[in-house]
Amino acid sequence: MLVMPASDRQVLARRAEIAGALRQLVAPSHVIDSPVALKPYESDGLTAYKQVPMLVVLPQTVAEVSAILAYAHAEGIKVVPRGAGTSLSGGALPLEDGILLGMAKFNRILETDFENRCCVVQPGVTNLAITKAVETRGFYYAPDPSSQIACTIGGNVAENSGGVHCLKYGLTTNNILGLEMVLITGEVIRLGGKHMDSEAYDLLALMTGSEGLLGVITEVTVRIIPKPETARALLIGFPSSTAAGQCVADIISQGIIPGGMEMMDKPAIHAAEAFVKVGYPLEAEALLIVELDGPQAEVDQLIARVEKIARANHAQSLRISNTEAERLAFWAGRKAAFPAVGRISPDYMCMDGTIPRKKLPEVLEGMAALSRKHRLGVANVFHAGDGNLHPLILFDANTEGELQRAEEFGADILRLCVKVGGVLTGEHGVGVEKRDLMGEMFSETDLGQQLRIKCAFDTQNLLNPGKVFPVLHRCAEMGKMIVHGGNLAHPDLPRF
């Protein structure tokens, strides 16, 4: 007869106690504690790290979120907020001793206000759904991550997501006007609104990109903008990534701000073309997609200027879209690049770092050298206009040592970004993926000040602990706090 260890019995008893308390706060069916039903929540888009949560709760009203957080605060229980789970930095990685707070039931568009050019939406509304809701009136929501069909606006705010049109129209932080959020104490606060600017401290900006460490978002007021009169794109092939990178720098230096400007290297070009078959130039070493939008006369004039710049940078092929269908076809491969890479590698790790545009050729050469060093391939897909790189490191998790080499390769890429004057992340967030590299970019004093902000909102360190910071001390110790880079607050993370 098998006897369960006392420690395991205690864990199960604690889980049952918390589940029972939560079922008094929400519909009983909205609390998940079955081991089988918990399995789908064990990771987010960074699948190298997995952890089955203690339990999952799915609230559907602000009052329920408030009650759950107040209970967790009173009982000292950790809480990890989760949207659609598309995070690529492990931002929604669960904890074995914490509640996973799933916001999927917050999926309604509450108001479309065309006069004030905004929408009020719940955090579980997908990015693309906002555009779909307003496009019949000629409006759209500008930030457009590649995962926009699945990723939710709450997660976009948490990670400050961008997309192919962020060069001209900005990231999430430039396109939201207000938030409703619940603090760990259960208090509900509102920041901003439909007005264009906010008074006093800019807490709205502070919350954007806070990765679920400061509060749980329950409502977002987003800016919508009129669809441009004309939008056309150029598909330009280059003999080298250096030539394409220089073309990007020349376009920006001449005062041209495209609606979008994306770059792909040869491995990514071939994977995307095999996936969507839209006529990408397979002989090119690098591909640039440049979209110009605005009044037709202006677009026509800018296309001529960009074509001249591309020719001066040795473009070997150049196509200009003449119909909306053709423009969308140009973008189809770029939007599908991440899943397309799955055709050429069993696994890949999508990195995210941002560099000064003028350093693009240097960094691409550096990544090629790192690829040889770590003996792993890399396909490059990125927002060339604002220097936001998305290298896709190719590996096979079933081959011993390759996951570790992929992680080391990724860390070296991010160190390179910081070395040339860039940053660790442009839109994916820090999460657990880049947590232990924070010391490469920030001093102990820098991290200490950031931690003080965390403690101002969450004195017990209950919201999404183990993310972003290499060490998270109790807030009571902040007066004598020292950040030790590399000493992990989070337990060792289970792999594959």
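What counts and how
- Residues numbered from 1 in each chain as written.
- Predicted model: local features only at pLDDT ≥ 70, side-chain atom pairs only at ≥ 80, totals over all residues.
- Heavy atoms only, no water.
- Helix = DSSP H or I, 4+ residues; strand = E, 2+ residues; numbered from the N terminus.
- Rg over C-alpha atoms; globule rule 2.2 N^0.38 Å.
- Buried < 20%, exposed > 50% of the residue type's maximum accessible area, 1.4 Å probe, protein only.
- Areas by Shrake-Rupley, 256 points an atom, 1.4 Å probe, with all protein chains shown as cover.
- Core = buried A, V, L, I, M, F, W, Y, C linked by side-chain atoms within 4.5 Å.
- Contact = heavy atoms within 4.5 Å.
- Pairing = 2+ DSSP bridges.
- Axes fitted to C-alpha atoms, helices over the stretch in contact; angles between N-to-C directions.
- Expected span 1.5 Å × (residues − 1).
- Salt bridge = Lys/Arg side-chain N within 4 Å of Asp/Glu carboxyl O.
- Phe/Tyr/Trp six-rings, centres within 6.5 Å; stacked < 30°, edge-to-face > 60°.
- Lys NZ or Arg CZ within 6 Å of the ring centre and 35° of its normal.
- pLDDT = per-residue confidence, 0-100.
- Parallel < 35°, antiparallel > 145°, perpendicular 65-115°, else oblique.
- Left-handed = near helix turned anticlockwise from the far one by under 90°.
- Polar contact = N/O pair within 3.5 Å; in protein donor to acceptor, adjacent residues only side chain to side chain.

Caption draft 1: How the structure looks around the overall build of the chain. Helix and strand counts for the chain stand at 16 helices and 20 strands. Relative to a compact globule of 496 residues, whose C-alpha radius of gyration would be 23 Å, the chain shows 23 Å and is just as compact. Taking the principal axes of the C-alpha coordinates as reference, the chain spans close to 70 × 55 × 45 Å. Counting the 496 residues in the chain, one finds 56% classified as buried. Carbon and sulfur atoms make up 53% of the accessible area of the chain, which totals about 20400 Å².

Caption draft 2: Broad picture of the nonpolar core. Core analysis: the largest hydrophobic core is formed by 60 residues, its most contacted members being Ile236, Phe238, Met263, Leu288, Val290 and Leu292. Among the elements that make up this core, the one with the highest residue count is helix α14 (residues 402-419) (nine residues). Beyond its immediate chain neighbours, meaning those up to four positions away, Met263 contacts Ser241, Ala244, Gly245, Ala286, Leu287, Leu288, Leu360, Leu364, Asn380, Val381, Phe382 and Ala384.

Caption draft 3: Looking closely at the sheet that holds strand β10 (residues 216-223). One open sheet holds the five strands; their spatial order is β5-β6-β10-β8-β9, and the pairing between them is antiparallel. Both edges of this open sheet fall to β5 (109-113) and β9 (188-192), since each of them pairs with a single strand only. Here the strands of the sheet are splayed against their neighbours by 10° on average, with no regard to which way each runs. Examined bridge by bridge, β5 and strand β6 (residues 118-121) share four bridges and lie antiparallel to one another. Within the sheet, the bridge partner assigned to Ile109 lies in β6 and is Val121. Strands β8 (176-182), β9 and β10 of the sheet are contacted by helix α3 (residues 62-75), whose axis makes an angle of about 50° with β8. Helix α4 (residues 127-134) rests against β5, β6 and β10 of the sheet, and its axis sits at about 45° to β5.

Caption draft 4: Up close: the sheet that holds strand β1 (residues 31-32). Read across the open sheet, the four strands follow the order β1-β2-β4-β3; overall the sheet is mixed. The sheet terminates laterally at β1 and β3 (78-82), the two strands that pair on one side only. Relative to strand β2 (residues 55-57), β1 is paired through two bridges, and the arrangement is antiparallel. For Val31, the partnering residue across the bridge sits in β2 and is Val57. Those strands touched by α3 are β2, β3 and β4 (98-102), and its axis lies near 170° from that of β4.

Caption draft 5: Spatial organisation of the pairing of strand β14 (residues 286-294). Of all nine residues that make up β14, nine are buried, and the element is covered over most of its length. Both faces of β14 are covered, namely the face carrying Ala286, Leu288, Val290, Leu292 and Gly294 and the face carrying Leu287, Ile289, Glu291 and Asp293.

Caption draft 6: Spatial organisation of α3. With 14 residues, α3 extends 20 Å between its outermost C-alpha atoms, agreeing within 8% with the 20 Å of an ideal straight helix rising 1.5 Å per residue. Of the residues flanking the end of α3, it is Gly76, one or two places downstream, whose phi is positive at about 70°.

Caption draft 7: Geometry of the pattern of salt bridges. One pass over the structure, following the stated rule, counts 26 salt bridges. With a closest N to O distance of 3.4 Å, Arg311 and Glu307 form a salt bridge. Within this pair, Arg311 and its partner Glu307 are both found in helix α10 (residues 296-312), separated by four residues, close to a single helical turn. Its relative accessible area of 25% is what places Glu307 among the partly exposed residues.

Caption draft 8: Structural view of the packing of aromatic side chains. By the definition in use, this model includes two aromatic pairs. Ring centres of Phe114 and Phe139 lie 5.4 Å apart, and the angle between their planes is 50°; on these two criteria the pair is classed as tilted. Here Phe114 is found in the loop between β5 and β6, whereas its partner Phe139 is found in strand β7 (residues 139-140), with 25 residues between them in sequence. For Phe114, a relative accessible area of 17% puts it in the buried group. Ring geometry for Tyr140 versus Tyr169: centroids 6.4 Å apart, planes at 80°, classification edge-to-face. Residue Tyr140 is located in strand β7, and its partner Tyr169 is located in helix α6 (residues 166-169); the two are separated by 29 residues in the primary sequence. Over the aromatic face of Phe114 sits the side chain of Arg137, whose NZ or CZ is 4.1 Å from the ring centroid.

Caption draft 9: Quick peek at the confidence of the model for the chain. Of the residues in the chain, 94% reach a pLDDT of 70 or more, and the chain-wide mean stands at 91. Taken as a whole, residues 480-496 scores under 50 in pLDDT and shows 42 contacts with residues more than four places along the chain or in a different chain.

Caption draft 10: Molecular detail of the packing of helix α13 (residues 360-374) against α14. As a packed pair, α13 and α14 sit with axes 10 Å apart at the nearest point and diverge in direction by 155°. One way to sum up the angle between α13 and α14 is to call them roughly antiparallel. Remark: the crossing between α13 and α14 carries right-handed chirality. Here Val363, Gly366, Met367, Leu370, Ser371, Lys373 and His374 of α13 come into contact with α14, specifically with Arg405, Glu408, Phe409, Asp412, Ile413 and Leu416.

Caption draft 11: Spatial organisation of unusual backbone geometry. Phi is positive for Arg375, which is not a glycine, with a value near 60°. Considering the arrangement of structural elements, one finds Arg375 in the loop between α13 and β18 (378-383). In this structure, Asn464 is a non-glycine residue whose phi angle is positive, near 50°. Residue classification places Asn464 among the buried residues on the basis of a relative accessible area of 1%.

Caption draft 12: A look at helix α16 (residues 444-457). Taking 1.5 Å per residue, 14 residues should reach 20 Å; α16 reaches 20 Å between its end C-alpha atoms and fits that length. Three or more residues of α16 are buried, namely Leu447, Gly448, Leu451, Lys454, Cys455 and Phe457.

Caption draft 13: Spotlight on the side chain of Glu262. Turning to its location among the elements, Glu262 is positioned in strand β13 (residues 260-265). For Glu262, a relative accessible area of 1% gives the class buried. In terms of polar contacts, Glu262 uses its side chain to reach the side chain of His383, at 2.8 Å. The contact partners of Glu262, leaving out residues within four places of it in the chain, are Gly163, Val164, Leu287, Leu288, Ile289, Trp331, Arg334, Phe382, His383 and Ala384.

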